[in-house]
Each structure stands twice: as structure tokens, then as C-alpha cells.
Amino acid sequence: MTCTMFLSMWISNTAAVALMVPIVDSICEAMFETRDTELDRNRGEDRPRTRDQESRRILMLLACAYSANIGGTGVITGTPPNLVVLSILNDDYGSQHPLSYATWMAFCVPLMLLNTVMAWLTILLIMRLTLGPDTSGSNEKEQRIKKVILARKGALGRITM
């Protein structure tokens, strides 16, 4: 959520979520597989998911969408309604209003961070209520997720000009 929130401060909310969807899918793929050989063999294939797996994926995608919307409030240029507020202040008060890029961030970034934590806790609560506690080995899942992310990063190749 923090990555999507930060991206959304500087780019469009839609673009931030679009960037995160393949990452969420890769993480879900790594979480739901039981063996490393399945990860390599089933790459590119859509496998049927259980209800529990699909619920976890949906909650992760919702977390991205919520954090993108929350992140857009952090800076004036983060989302178009923020610019409308600035325009109205300029029309009503001219250049006499105290709102600037820095004062907006000083007021909104702490609220943005608080709202992101509250959204994260809400999603965790919803996940706990709908799916129950996660009883699978989380350390094993974390290692598998790290392996998938590093493999996908390596497949991208070097950055060139």
C-alpha cells in the first residue's frame, strides 16, 4: 500500500494502480503455489483459484486502489479535485491565500499517512473476518514471494538508454 500511495502522489491514481496490478498478480501467484516447480511450469497460464485465494487477491487489489486514492490527496497535483480547490482559492482571494505546494503537503501528508494506516487496518480486519487467521507457513511464503520478485526483476534485463 505504501508503494502505491507514494506513486499516486506524483502520477495519476489510475496509472499507479495499473503499475501495481502485475506485481500483485505475481505475489498472489507465489503465495498460492505450493512448490517452486509449479511457479515455473505454470507461468503465463491462468489457473483456477479457490474462493479463499480469490478473496485474498481481491483484497490486495482493493488495497492498491484505496492507497492510490489516498495518496493522491498528499500533494496539490496528486489528483484533479485538489487543483479545483486551489483554483477556487485563487478566484476568491487572489494571491493572498496562504496555500502553497509546501503548506498543502505539510497539512495533507500526515493525514494521508494516517488514512493509509487506517485503510490497511480495515483491510486486515475484513480479511480476518471473512477468511479467518492465516495458518499457513508465512516464512515459506515470504521466501517464495521474494524469489519470484527477484526472478521477474532479473528477467527485465538492464536499463539502457
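We now turn to the structure provided with this report. Predicted, not measured: the structure shown is a model, and the values here were computed from it. Along each chain, residue indices are assigned from 1 in the same order as the chain's sequence is written. For this predicted model, a pLDDT threshold of at least 70 governs which residues receive local features, and a threshold of 80 or more governs which side-chain atom pairs are given and counted, while totals over whole chains, interfaces and linings are taken from all residues. Heavy atoms from the whole structure form the basis of all side-chain values; hydrogens and water molecules are not counted.

1. Details of the packing of aromatic side chains
The geometry of an aromatic ring pair comes down to the distance between the two centres and the angle between the two planes.
1) Next: Under the pairing criterion, centres of Phe, Tyr and Trp rings, with the six-membered ring standing for Trp, must be within 6.5 Å; the plane angle then separates stacked pairs below 30 degrees from edge-to-face pairs above 60, leaving the rest tilted. If you walk through the whole model with that rule in mind, you get one aromatic pair.
2) Next: Aromatic side chains phenylalanine 6 and tryptophan 10 sit 6.2 Å apart centroid to centroid with 70° between the ring planes, which places their arrangement in the edge-to-face category. Of this pair, phenylalanine 6 and tryptophan 10 both sit in helix H1 (residues 2-10), four residues apart, roughly one helical turn.
3) Next: Using a relative accessible area of 43% as the deciding quantity, one classes tryptophan 10 as partly exposed. What counts as a helix is a DSSP run of H or I of at least four residues, what counts as a strand is a run of E of at least two, and both are numbered from the N terminus. Relative accessibility under 20% of the residue-type maximum defines a buried residue, over 50% an exposed one, and the middle range a partly exposed one, all with a 1.4 Å probe and only protein chains included.

2. Looking at H1
1) Next: Restricting attention to buried positions, one finds in H1 the residues Thr4, Met5, Ser8 and Met9. For H1, the angular spread of the buried residues around the axis is 145°, confining them to a single face.
2) Next: Looking at the buried positions of H1, the neighbouring elements they touch are helix H2 (13-32), helix H4 (51-71) and helix H6 (101-131). Of all possible arcs, the one meant is that of the directions from the helix axis to the C-beta atoms. When checking whether two residues touch, look at their non-hydrogen atoms; a contact exists if any pair is within 4.5 Å.

3. Description of the packing of H1 against H6
1) Next: Interaxial angles span 0 to 180 degrees and are taken between N-to-C directions of axes, which are lines fitted to C-alpha atoms, for helices over the stretch in contact. Contact geometry of H1 with H6 gives a least axis separation of 12 Å together with a crossing angle of 155°. Our classification of the angle between H1 and H6 gives roughly antiparallel. Here H1 runs over H6; the crossing is right-handed. In contact with Met5, Met9 and Trp10 of H1, H6 contributes Tyr101, Met105, Val109, Met112, Leu113 and Thr116.
2) Next: Residues of the contact of H1 with H6, tallied by class, amount to eight nonpolar, one polar and no charged. Under this scheme an angle from 65 to 115 degrees is roughly perpendicular, one under 35 degrees roughly parallel, and one over 145 degrees roughly antiparallel; angles in between are oblique. Two helices that cross are described as forming a left-handed crossing if the nearer one is turned anticlockwise from the farther one by less than a right angle, and a right-handed crossing if clockwise. Amino acid classes used here: Ala, Val, Leu, Ile, Met, Phe, Trp, Tyr, Cys and Pro are nonpolar; Asp, Glu, Lys and Arg are charged; the rest, including Gly, are polar.

4. A short note on the side chain of arginine 57
1) Next: Secondary-structure assignment places arginine 57 in helix H4.
2) Next: Residues adjacent in sequence count toward polar contacts only when both atoms are side-chain atoms; beyond that, a polar contact is any pair of N or O atoms within 3.5 Å, and within protein one must be able to donate a hydrogen and the other to accept it. Here the side chain of arginine 57 touches aspartate 25 through a polar contact of 2.9 Å, side chain to side chain.

Purely spatial values, then, with no claim about function.
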